[in-house]
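A closer look at the structure
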Amino acid sequence: METITHNHSHPQPNYYPPNYKRSGSFDILNPLRRLVDSIAVKNARFAHLICQVIPCCCPFERNFKLFGRTYHIPALCKLNPLYDEFVMLRFRALSYLADECGEDVTKYIC
């Protein structure tokens, strides 16, 4: 039985890059995705800023009543083409604060 070895070149030991299954097509946003994925969180102030700027849940999802009927506006954040990258950046910031700095991050979790 063969063993599998992984060579990680990322500063986070448990980082696994997202799988982009866009074979055969050119993705114009790929440089931006790589840029956001390459942002390293190595400073507590920067990590706090990321956790404050990037919300933990979509702020646009709403239920509202009009003339006695309830209407639901779905989460529109999924329409953002860089949504997954920003969520992963926020997760890296939370992980840095919890693991490296030993801080309580419950105030940043919805």
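Residues numbered from 1 in each chain as written. Predicted model: local features only at pLDDT ≥ 70, side-chain atom pairs only at ≥ 80, totals over all residues. Heavy atoms only, no water.

**Topic: unusual backbone geometry**
Where the residue is not glycine, phi is negative for most of them; where a peptide bond is considered, it is trans in most cases. Its identity is not glycine, yet Phe67 carries a phi of approximately 55°, on the positive side. Position of Phe67 relative to the elements: it lies in the loop between strand E1 (62-66) and strand E2 (69-73). (Helix = DSSP H or I, 4+ residues; strand = E, 2+ residues; numbered from the N terminus.)

**Observations regarding the packing of helix H1 (residues 30-37) against helix H3 (residues 83-100)**
Where H1 meets H3, the closest approach of the two axes is 9 Å, and the angle between their N-to-C directions is 5°. Judged by the angle between their axes, H1 and H3 are roughly parallel. Between H1 and H3, the contacting residues are Arg33, Val36 and Asp37 on the first element and Glu85, Phe86, Leu89 and Arg92 on the second. (Axes fitted to C-alpha atoms, helices over the stretch in contact; angles between N-to-C directions. Parallel < 35°, antiparallel > 145°, perpendicular 65-115°, else oblique. Contact = heavy atoms within 4.5 Å.)

**As for H3**
Taking 1.5 Å of rise per residue, 18 residues should cover 26 Å, and H3 covers 25 Å from first to last C-alpha, within 8% of that figure. Within H3 the residues assigned to the buried category are Glu85, Leu89, Arg90, Arg92, Ala93, Leu94, Ser95, Tyr96 and Leu97. Taken together, the buried residues of H3 touch H1 and helix H2 (44-53). Within two residues after H3, Gly102 carries a phi angle of roughly 70°, on the positive side. (Expected span 1.5 Å × (residues − 1). Buried < 20%, exposed > 50% of the residue type's maximum accessible area, 1.4 Å probe, protein only.)

**Quick word on the state of the cysteines**
Evaluated as defined, the whole model comprises 2 disulfides. With its sulfur 2.4 Å from that of its partner, Cys58 forms a disulfide with Cys77. Judged by the sign of its S-S torsion, about 85°, the cystine formed by Cys58 and Cys77 is right-handed. Residue Cys58 is found in the loop between H2 and E1, and its partner Cys77 is found in the loop between E2 and H3; the two are separated by 19 residues along the sequence. Take Cys58 and Cys77: they sit in the same class, and that class is buried. Counting its disulfide-bonded cysteines in sequence order, the chain shows a connectivity of 1-4, 2-3. (Disulfide = S-S within 2.5 Å.)

**Examining the pairing of E2**
Relative to E2, E1 runs antiparallel, the two sharing 5 bridges. Bridge pairing in E2 places Phe64 opposite Tyr71. Two successive antiparallel strands, E1 and E2, enclose a turn made up of 2 residues, where Phe67 displays a positive phi of approximately 55°. (Pairing = 2+ DSSP bridges.)

In short, geometric facts, not functional conclusions.
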